[in-house]
Amino acid sequence: MARRTKAEAEATREALLDAAEEVFFDNGVARTSLEQIARHAGLTRGAVYWHFKNKADLFRAMLDRVRMPFEELVAETGASHDSPLETVRLGFQQSLLRLEQPRHRRVLAILIHRCEFFGDIDPCAIQTEMAGECLDALGGYFADAHRLGLLKQGLAPEVATRLLQAILSGLFHDWLRDPDAYSIYERGMALVDAQLALMRRDEAEAA
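Residues numbered from 1 in each chain as written. Predicted model: local features only at pLDDT ≥ 70, side-chain atom pairs only at ≥ 80, totals over all residues. Heavy atoms only, no water.

Brief notes about the packing of aromatic side chains
In step 1: With the rule as written, the count across this model stands at three aromatic pairs.
In step 2: Centroid distance Phe24 to Phe59: 6.0 Å. Interplanar angle 70°. Geometry classified as edge-to-face. Taken together, the residues Phe24 in helix H1 (residues 2-27) and Phe59 in helix H4 (residues 55-64) connect sequence positions 35 residues apart.
In step 3: The class of Phe24 is buried, set by a relative accessible area of 0%.
In step 4: In this structure Phe59 comes out as buried when scored by relative accessible area, which is 0%.
In step 5: By the ring-pair criterion, three or more aromatic residues cluster together here, those being Phe70, Phe92 and Tyr141. (Phe/Tyr/Trp six-rings, centres within 6.5 Å; stacked < 30°, edge-to-face > 60°. Helix = DSSP H or I, 4+ residues; strand = E, 2+ residues; numbered from the N terminus. Buried < 20%, exposed > 50% of the residue type's maximum accessible area, 1.4 Å probe, protein only.)

Next up, the structure:
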């Protein structure tokens, strides 16, 4: 019985998060109340407060469902850390595939376009935090590539990291304006492959 009760509580929590996604996307975060979310989920406001302290707590939990720490993405691919540039490629491949999923697209659109700064929610700080996590992970792989002599001569790992992150960040924001215009996976992988090819040390430099 206890096991079933726990499962039901988790189902209620997920239903509230699903409802929050839909209402935040339609109305914007600031203009959405917990009462609206509860009603949309077919639940009471008390159910919301049973699972979440406030709207900021619910918003963070919604984001956590689509967080993509780069190291976790890499682990999913089974990539070998002996080949850092290929590891970077596979990590981004996994990330771009995730972005094609409706939930990831919707929640990230909420964060970028439908969330204003208010109360305990600072969308700029959250975006900076998420970008920083990716930069830290990428920096480690490019540092390894530099140590192994895989980067083009004169290309510092910090520059390689910032360059690839800037390209994909620009693509991501462009795609979110009209996600049906093209596949972010296809266009993103074309950019990743082209940029990594430009960054790799060629045979003439290695000789």
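Moving on, there is more to tell.
As for helix H8 (residues 123-147)
In step 1: Under the 1.5 Å per step criterion, the end-to-end length of H8 is 36 Å for 25 residues, consistent within 8% with the ideal 36 Å.
In step 2: For H8, the full list of buried residues reads Pro123, Ile126, Cys134, Leu135, Ala137, Leu138, Tyr141, Phe142 and Ala145.
In step 3: Those residues of H8 hidden inside the fold are in contact with H4, helix H5 (70-77), helix H6 (84-99), helix H7 (102-113), helix H9 (157-177) and helix H10 (184-199).
In step 4: Backbone nitrogen of Cys124 and a side-chain oxygen of the N-cap are separated by 3.2 Å at the start of H8; the cap is Asp122.
In step 5: One or two residues past the end of H8 sits Gly149, with phi positive at roughly 75°. (Expected span 1.5 Å × (residues − 1). Contact = heavy atoms within 4.5 Å. Polar contact = N/O pair within 3.5 Å; in protein donor to acceptor, adjacent residues only side chain to side chain.)

A word on the UniProt feature "DNA-binding region" (unreviewed entry) in the chain
In step 1: Residues given the UniProt feature "DNA-binding region" (unreviewed entry) here are residues 33-52.
In step 2: For the annotated span residues 33-52, helix accounts for 75% and strand for 0% of the residues, and the straight-line distance between the end C-alpha atoms is 13 Å. (UniProt positions renumbered as here; feature names shortened; annotations may be inferred.)

Concerning the nonpolar core
In step 1: Phe24, Leu58, Phe59, Phe92 and Phe142 are the most contacted members of the largest nonpolar core, which has 58 residues in total.
In step 2: Three or more residues apiece are contributed to this core by two domains, here domain 1 (6-64) and domain 2 (70-206).
In step 3: Contact partners of Leu58, with chain neighbours within four places excluded, come to Leu17, Ala20, Phe24, Leu34, Ile37, Val48 and Phe52. (Core = buried A, V, L, I, M, F, W, Y, C linked by side-chain atoms within 4.5 Å. Domains from an automatic or database assignment.)

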